Structure formats: structure tokens, C-alpha cells
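So you can see what is in the structure, the chains are spelled out below.
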Amino acid sequence: MTSEQNKSLMRRFLEASVASDQTAFKELLASDFVAHLAGGPQNRETFLQHNNVFNVAFIDRQFSVRDLIAEGDKVMARTTWRGTHSADFRGLPPTGKQIEISAFIMDRIKDGKIVEHWSLFDMMSMMQQLGLFPAPQPAR
Amino acid sequence: MTAEQNKAIVRRFYKAFEANDLDMLKELLAPDFVAYNLNPQNRDEHLQGIRLWNGTFSENRFEIIDQIAEGDRVASHVILRCIHSEAPYQGIPPSGKQIEGPAVSLEQIKDGKIVERRVYSDRLGMLRQLGLVPPPQADR
């Protein structure tokens with residue numbers, strides 16, 4: 001796999017994530033896929049369930065890729081994630097608010113499939129935009 | 001500059017941050033440096049932010065888990081560990097608690113100096129560890 005192929009795989013992964021495209025996920029994620037999330041490691045099935053929590057609560061989801069860096073078997077994407085809060089999310093009834101947060105996604109690719117995945121979503125900003133957390137923090 | 005040289009510059013930046021070596025940090029950042037944090041910061045503002053952080057948290061350690069470089073850009077995946085021991089942070093008095101969290105930084109290097117940084121850390125996770133935010137439900 002070249003860096004360009006790995007970048008294209010990352011773009012397809014981001015599209016599958018917001019589209020909740022289970023067929024694409026099966027193609028893109030290796031059977032021994034591991035996602036390193038804030039709550040701990042997830043396998044392919046638990047990762048897809050986790051992804052679905054957001055896809056159920058938000059509509060009009062979109063990843064905008066701001067930067068894409070590839071080297072060897074890894075790709076990193078700096079993105080902006082958008083979604084409109086349209087259904088219950090962690091007990092919060094739909095607010096109709098459009099949320100926009102930054103997210104870093106990193107994937108390791110082997111034999112044309114994603115074998116490892118890391119992500120950092122700015123959940124604090126999401127909570128602030130949803131009104132679940134008080135006033136924005138001062139810049140440090 | 002090669003990708004490996006650019007990665008080494010970013011590693012030197014993190015070492016100087018740990019050591020609170022502001023002269024070295026200033027040398028590593030270009031005069032027209034910009035950090036895109038919550039608000040954009042110029043070089044002096046960024047150095048001031050680091051001084052403030054090091055005056056609040058002690059024993060800052062950045063464990064660099066991974067670096068990916070392409071062209072003039074370097075992405076670093078790090079784990080930050082530090083102790084809230086020195087001064088209040090967002091109204092919380094120093095507790096002696098050790099906190100730990102993932103961060104990703106994206107640096108652009110030009111002529112051996114960092115011209116741009118974008119950093120995202122798990123701010124929500126760190127505030128939870130400091131006791132400011134209730135425990136997680138389903139972070140992504």
C-alpha cells in the first residue's frame with residue numbers, strides 16, 4: 001500500500017463512519033481490528049455499536065478533512081466533525097443544535113484494511129455546545 | 001529538512017516543555033509562529049501559556065507514542081502525565097493528583113523551526129480526573 005492508497009482508505013473510513021455504512025465497514029476494517037478509544041479498547045463489533053450511539057443521536061453528520069498525513073503503514077487525519085442533535089443523547093433530549101468539533105483520527109493499515117484505530121474528539125467542546133458543561137474555558 | 005529531522009525538532013520541543021526551558025522553546029519556534037489552540041496564539045503568547053501550565057502542574061512528562069511525518073508536517077501522538085501541585089487550575093486548588101491523558105499535536109516545520117502547531121488534548125478527561133466533571137458515560 002502506498003501513502004496515497006492509505007489516505008484514500010482513511011477518507012472511505014470517515015465516509016463510512018458518518019453514513020453508518022455497515023457494508024463499507026466490513027470491507028475497511030480487519031477482522032482483528034482494535035480501536036483505542038477514551039473508554040478503552042474496542043473490537044470491530046463494539047466499535048460499530050459505539051459509533052452508532054452518535055449516528056442515532058445526530059443527523060446531517062459530516063467529516064471535513066483539514067489535514068491528511070501518511071507515513072509507512074499509518075495515516076492521520078485532522079478533521080472537523082459536524083452533526084445536528086436530533087435524538088436523545090446520554091439522556092439529553094434533542095436540542096436541534098448543530099455541533100461542530102475538531103477530531104483527530106489515526107489508523108494503521110495492513111493488507112488494505114484498517115487494523116488499528118485511534119481517535120480524539122473534542123468532547124468537552126461538544127458538551128459545551130450542547131449546554132451540558134458550563135462556560136468555555138480560557139485559552140491556555 | 002528530512003522527515004526524521006522534523007520529528008526530532010518536535011521531540012526537542014516536548015523535552016524543552018518538560019524542562020520548562022523557555023529559551024530553548026523560543027529557539028525552536030519561528031518568530032512568526034502561530035499556535036491554533038482554542039484561540040490562535042503568537043510565539044510569546046504560546047510561551048506564556050507553557051510557563052503558566054508549568055507553574056500549575058509539576059513533573060510534566062510527554063510520552064511520545066508515535067510520530068508520522070510527511071513533507072513539512074509532523075503529527076505526534078503523546079500521553080501527557082503531570083501532577084496538579086503548584087497552583088489553582090480553573091478554580092480547583094492544587095490537589096497533588098496525578099493526571100494522565102492523550103494528546104495529538106500537528107506541527108509544521110520550516111527551516112528547522114516550528115511555524116505552526118495545532119494541539120488537541122483530552123481536556124474533558126483531564127478535568128474529570130481533577131474532579132471538575134462527573135465520570136464518563138460513553139465517550140468516543
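All values reported here derive from a predicted model rather than from experimental measurement. (Residues numbered from 1 in each chain as written. Chains lettered and ligands numbered in written order. Predicted model: local features only at pLDDT ≥ 70, side-chain atom pairs only at ≥ 80, totals over all residues. Heavy atoms only, no water.)

J.: Would you explain the overall build of chain B in this entry?
T.: Across its full length, chain B carries four helices and six strands. For chain B, the N- to C-terminal ordering of α and β elements is α-α-β-β-α-β-β-β-β-α. For a compact globule of 140 residues, the expected C-alpha radius of gyration is about 14 Å, and chain B comes in at 15 Å, within 12% of that figure. Along the first, second and third principal axes, the C-alpha set of chain B runs to 45 × 35 × 25 Å. Across the 140 residues in chain B, those meeting the buried criterion constitute 49%. For chain B, long-range pairs separated by at least 24 residues make up 54% of all intrachain contacts whose partners lie at least 6 apart in sequence. With the model as given, the accessible surface of chain B reaches about 6500 Å², and the carbon-plus-sulfur share is 49%. A distance of 2 Å separates the average location of the 18 positive side-chain charges in chain B from that of its 20 negative side-chain charges. (Helix = DSSP H or I, 4+ residues; strand = E, 2+ residues; numbered from the N terminus. Rg over C-alpha atoms; globule rule 2.2 N^0.38 Å. Buried < 20%, exposed > 50% of the residue type's maximum accessible area, 1.4 Å probe, protein only. Contact = heavy atoms within 4.5 Å. Areas by Shrake-Rupley, 256 points an atom, 1.4 Å probe, with all protein chains shown as cover. Lys, Arg positive; Asp, Glu negative; His and termini not counted. Charge placed at Lys NZ, Arg CZ, Asp CG, Glu CD.)

J.: Quick question: what am I supposed to make of the packing of aromatic side chains here?
T.: Working definition: an aromatic ring pair is given by the centre-to-centre distance plus the angle between the planes. By the definition in use, this model includes 15 aromatic pairs over all chains. Grouping aromatic residues by their ring pairs yields a cluster made of Phe13, Phe25, Phe33 and Phe47 of chain A. Here the guanidinium or amino end of Arg118 of chain B rests over the ring plane of Tyr36 of chain B, the centre of that ring lying 4.2 Å away. (Phe/Tyr/Trp six-rings, centres within 6.5 Å; stacked < 30°, edge-to-face > 60°. Lys NZ or Arg CZ within 6 Å of the ring centre and 35° of its normal.)

J.: Sorry if this is basic, but what is going on with the sheet that holds strand 3 (residues 58-71) of chain A here?
T.: Two modes of strand pairing occur in sheets, parallel and antiparallel, and in both the strands are linked by backbone hydrogen bonds. All names here are of chain A. The strand order across the open sheet formed by six strands is 2-1-6-5-4-3, and the pairing between neighbours is mixed. Two strands lie at the open edges of the sheet, namely strand 2 (40-42) and strand 3, each paired on one side alone. Each neighbouring strand pair of the sheet contributes to a mean axis angle of 25°, computed without reference to strand direction. Bridge count for strand 5 (residues 98-110) against strand 6 (residues 113-121) is eight bridges, and the pairing is antiparallel. Opposite Lys110, over in strand 6, you have Lys113 as the bridge partner. Along the sheet, helix 1 (residues 3-19) makes contact with strand 1 (29-37), strand 3, strand 4 (74-85), strand 5 and strand 6, crossing strand 3 at roughly 165°. Running at roughly 60° to strand 1, helix 3 (residues 44-57) makes contact with strand 1, strand 2, strand 3, strand 4 and strand 6 of the sheet. (Pairing = 2+ DSSP bridges. Axes fitted to C-alpha atoms, helices over the stretch in contact; angles between N-to-C directions.)

J.: Quick question: what am I supposed to make of unusual backbone geometry here?
T.: For residues that are not glycine, phi is negative in most cases, and the peptide bond is trans in most cases. Notably, Asp111 of chain A is not glycine yet its phi reads approximately 50°, a positive angle. Within the secondary structure layout, Asp111 of chain A lies in the loop between strand 5 and strand 6. Overall, the relative accessible area of 73% leaves Asp111 of chain A in the exposed class. At Gln90 of chain B, a position not held by glycine, the phi torsion is positive, near 45°. Mapped onto the secondary structure, Gln90 of chain B falls in the loop between strand 4 (73-84) and strand 5 (97-110).

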